[in-house]
Every structure is written in structure tokens, then in C-alpha cells.
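Reading the structure
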Amino acid sequence: MTTDDDILDATFAALCKHGYADLTMQSIADEFSKSKSLLHYHYDSKEDLIVTFMEHLLEGFLSEFEDDSDADPLDQLVRMAEIVVEGNEEGDEPDDVHMALLGLRAQAPYDEAIREQLVRNDRHIRDAIADIVREGIEQGQFREDVDPEQFAVVFRSAIEGAQSHDVILGDDAPTETALAGVKTLLLERLIVEGETLEGQTA
């Protein structure tokens, strides 16, 4: 693991522990296993580090699907929803991950650099969704009258809303409820009649 990876891991740990409002370079350094001076050598400010961290999150998220680009388009969208709503399988608590991401989004109206990076991240994710939809249309799995870009906006909003719902409202309802709603969206707005969420003809 490189020094940059160590720093980004420390940033994530500190962000989950303290939230953005109480995040400082010192709190990140406290999670950093190497010399604190390296942290300041690589990044001039907390904002600079956070923007890099957000780029890192995007790259990791998109790589999940680049590694699985040959999978069924519908399965790719379902998997994307599951990752966003439930978190990954690397041992991080979903609530910690979601709280950290929500804290970053909340800064967007007040911090131009964070807002611009969030816009870039959102655009890349919507482009990835639209590409999956186009592939599904070409394969005959998705309806031809679906607009990939418009669906990407709706789908992105649905999974992001499901992700943050319990964090904002303290809702104890299981995440399966939110996922069921997203899957209903897929059924009603996207796939051709006779298709199932398993991608097999009913």
C-alpha cells in the first residue's frame, strides 16, 4: 500500500469517526500510521485532501462495474443499487459509510471545491448508468423507448435517497424495503414485458 492509500484510509476512518464538521488534519493524522509530516507534505489543507478522497471514492465505485462489465445489464443495475444502499463487503458498517458521505454532500452549498467534485462524481456515475441502460436496450432486455440519460437521473436519485433515508430520519426499517422500491422502479420503467429481475423470461 502506498503512502497516498494510507492517507486516504486514514481520512475515511477519521471522517466516519468525527464527521466532516469536526474533521481536522490532526484527527486524520491520528488515524495515520506513518509520520504526520507526510500528511502535510502531500496535502496543503483539509479541503485539498477531501477532494482527493472523493475522487478516490469515485474510482473505487466505478471499478466495481468495470471489473464486471460483461455481466447482464439488469444485474449490474441491481448490484449498483445494493452497493449504494447496503454498502460494500469489506467490513465497513453501512451507517458509518453513509454518514460520512452525507456529511460531505451537506458541505456542497458552502464549499465550492467539494461541490464541484460532487458534480463531477455524479456526472460520471450517471454516465455509467446510462451506458448500462444503452447496453440493455441493444440486447433487447430494456425497452427501446427508455431515454438512458433521463433514466440515469431518476435511478441515481432513487438509490442515493434510499442510501441516506435512514441516516437523516433515523428510520429502523430494513434496507430491503428501500431496495424493493428501487427494483420496482426497474420493473416499471426499464425492462421489457416478460422479463424478471433475474433476467429470465417469465
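Everything numeric in this text was worked out from a predicted model, so none of it was measured. (Residues numbered from 1 in each chain as written. Predicted model: local features only at pLDDT ≥ 70, side-chain atom pairs only at ≥ 80, totals over all residues. Heavy atoms only, no water.)

Here's the deal with helix α7 (residues 112-138)
- The first and last C-alpha atoms of α7 sit 39 Å apart over 27 residues, in line with the 39 Å expected at 1.5 Å per residue.
- Here α7 has its buried residues at Ile114, Gln117, Asn121, Ile125, Ile129, Ala130, Ile132, Val133, Gly136 and Ile137.
- With a side-chain oxygen lying 3.1 Å from the backbone nitrogen of alanine 113, the N-terminal cap of α7 falls on aspartate 111.
- Trailing α7 by a residue or two, glycine 140 shows a phi angle of about 85°, which is positive. (Helix = DSSP H or I, 4+ residues; strand = E, 2+ residues; numbered from the N terminus. Expected span 1.5 Å × (residues − 1). Buried < 20%, exposed > 50% of the residue type's maximum accessible area, 1.4 Å probe, protein only. Polar contact = N/O pair within 3.5 Å; in protein donor to acceptor, adjacent residues only side chain to side chain.)

Brief notes about the packing of aromatic side chains
- One pass over the full model with this rule turns up two aromatic pairs.
- Relative to phenylalanine 155, the ring of phenylalanine 151 lies with its centre 5.7 Å away and its plane at 15°, an arrangement referred to as stacked. With phenylalanine 151 and phenylalanine 155 both in helix α8 (residues 148-169) and four residues apart, the pair spans about one turn of that helix. With respect to burial, phenylalanine 151 and phenylalanine 155 carry one shared label: buried. (Phe/Tyr/Trp six-rings, centres within 6.5 Å; stacked < 30°, edge-to-face > 60°.)

Things to note about the environment of lysine 183
- Along the chain, lysine 183 turns up in helix α9 (residues 175-189).
- In this structure, the C-alpha to C-alpha distance between lysine 183 and valine 78, residues 105 residues apart in sequence, is 7.2 Å.

Let's talk about the confidence of the model for the chain
- On average, residues of the chain score 81 in pLDDT, and 83% of them reach the 70 mark or higher.
- Ranking the elements of the chain by mean pLDDT puts α9 last with 73 and α7 first with 93. (pLDDT = per-residue confidence, 0-100.)

Digging into the pattern of salt bridges
- Counted according to the given criterion, the structure contains eight salt bridges.
- With a shortest N-O distance of 2.7 Å, arginine 134 and aspartate 131 are connected by a salt bridge. Pair noted here: arginine 134 and aspartate 131 are both in helix α7, with a separation of three residues, about one helical turn.
- One continuous salt-bridge network, built from bridges that share partners, spans Arg105, Asp122, Arg126, Arg156 and Glu160. (Salt bridge = Lys/Arg side-chain N within 4 Å of Asp/Glu carboxyl O.)

A few points about the packing of helix α4 (residues 46-66) against α7
- Their axes nearest at 10 Å, the elements α4 and α7 cross at an angle of 5°. Of the possible angle classes, the one that applies to α4 and α7 is roughly parallel. Contact with α4, carried on its side by Glu47, Ile50, Val51, Met54, Glu55, Leu58, Phe61 and Leu62, involves Ala113, Ile114, Gln117, Leu118, Asn121, His124, Ile125 and Ala128 of α7 and no other residues of that element.
- The class makeup of the residues in the contact of α4 with α7 is eleven nonpolar, three polar and two charged. (Axes fitted to C-alpha atoms, helices over the stretch in contact; angles between N-to-C directions. Parallel < 35°, antiparallel > 145°, perpendicular 65-115°, else oblique. Contact = heavy atoms within 4.5 Å. Nonpolar A, V, L, I, M, F, W, Y, C, P; charged D, E, K, R; others polar.)

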